[in-house]
Amino acid sequence: QVQLVESGGGLVQAGDSLRLSCAASGRTFSSYAMGWFRQAPGKERQFVAAISGGSTYYVESVKGRFTIARDNAKNTIYLQMNSLKPEDTAVYYCAKFGFLRISRPISYEVNYWGQGTQVTVSS
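Residues numbered from 1 in each chain as written. Predicted model: local features only at pLDDT ≥ 70, side-chain atom pairs only at ≥ 80, totals over all residues. Heavy atoms only, no water.

Visitor: Got a minute to help me understand unusual backbone geometry in this structure?
Guide: Peptide bonds are, in most cases, trans, and in most cases residues other than glycine have a negative phi. Here Arg-104 and Pro-105 are connected by a cis peptide whose omega angle stands at 5°. By the element assignment, Pro-105 lies in the loop between strand 9 (90-101) and strand 10 (107-113). A positive phi angle, near 50°, is found at Asn-75, a position not held by glycine. With respect to the helices, strands and loops of the structure, Asn-75 is situated in the loop between strand 7 (66-71) and strand 8 (76-81). Judged by its relative accessible area of 19%, Asn-75 is buried. Unusually for a residue other than glycine, Ser-83 sits at a positive phi of about 50°. If you trace the backbone, Ser-83 turns up in the loop between strand 8 and strand 9. (Helix = DSSP H or I, 4+ residues; strand = E, 2+ residues; numbered from the N terminus. Buried < 20%, exposed > 50% of the residue type's maximum accessible area, 1.4 Å probe, protein only.)

Visitor: For this particular structure, what's the right way to read the pairing of strand 7?
Guide: Both faces of the sheet carry side chains from a regular strand, because those side chains alternate between them. Going residue by residue along strand 7, you find Phe-66, Ile-68 and Arg-70 tucked away on one face and Thr-67, Ala-69 and Asp-71 left uncovered on the opposite face. Joining the antiparallel neighbours strand 7 and strand 8 is a turn of 4 residues, in which Asn-75 adopts a positive phi near 50°. (Pairing = 2+ DSSP bridges.)

Visitor: Explain the environment of Val-12 here, please?
Guide: Note on placement: Val-12 falls in strand 2 (residues 10-13). A C-alpha to C-alpha distance of 9.4 Å links Val-12 and Pro-86, two positions 74 residues apart in sequence. In contact with Val-12, other than residues within four places in its own chain, are Ser-17, Leu-18, Leu-84, Thr-120, Val-121 and Ser-122. (Contact = heavy atoms within 4.5 Å.)

Visitor: What's the story with the pattern of salt bridges in this structure? I'm lost.
Guide: Pairing is possible between side chains of opposite charge, provided their charged atoms come close. Enumeration according to the criterion identifies 4 salt bridges in this entry. A salt bridge links Asp-88 to Arg-38, with the nearest nitrogen and oxygen atoms 2.9 Å apart. Here Asp-88 is found in the loop between strand 8 and strand 9, whereas its partner Arg-38 is found in strand 4 (residues 33-39), with 50 residues between them in sequence. Measuring nitrogen to oxygen at the nearest pair gives 3.2 Å for the salt bridge that ties Glu-60 to Lys-63. (Salt bridge = Lys/Arg side-chain N within 4 Å of Asp/Glu carboxyl O.)

Visitor: Looking at this structure, how should I read the nonpolar core?
Guide: Across soluble globular proteins, nonpolar side chains show a tendency to be buried alongside one another. Counting 27 residues, the largest nonpolar core has Met-34, Trp-36, Phe-66, Leu-79, Met-81 and Tyr-92 as its most contacted members. At the level of elements, strand 3 (18-24), strand 4, strand 5 (46-52), strand 7, strand 8, strand 9 and strand 11 (117-122) are the ones that each hand at least two residues to this core. No other element matches strand 3, which puts 4 residues into this core. For Phe-66, the residues in contact, after removing those within four places along its chain, are Arg-38, Val-48, Tyr-58, Leu-79, Gln-80, Met-81, Asn-82, Leu-84, Asp-88 and Tyr-92. If you look at the next biggest cluster of nonpolar residues, it comprises 10 residues, including Tyr-57, Phe-97, Leu-100 and Val-110. (Core = buried A, V, L, I, M, F, W, Y, C linked by side-chain atoms within 4.5 Å.)

Written out as structure tokens, the structure is:
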């Protein structure tokens, strides 16, 4: 069983930055493929970013603005979000992948989810 706990959400203005964190349990964290998803009101959950080993992958809409990173010593992944836009408003979820193939199109299966953290960007 893996537990994921997100933090760092909040209310910001357009153009601001925010960093989300996700602390994970598990003794083999460094081997986990991890990622971030988001879900806006009335919409389906959307993939945002993934990290596996030294490889990263982003949805087109956040490329150049968001950066996913990990600190294996802290069992934590991060999502640095810059130049935020109102359309980035959503609940952001941390995820552990049971399967991930970083390619186009990306292929994955999530086996653990965090509880989510709200990010609201005002215009």
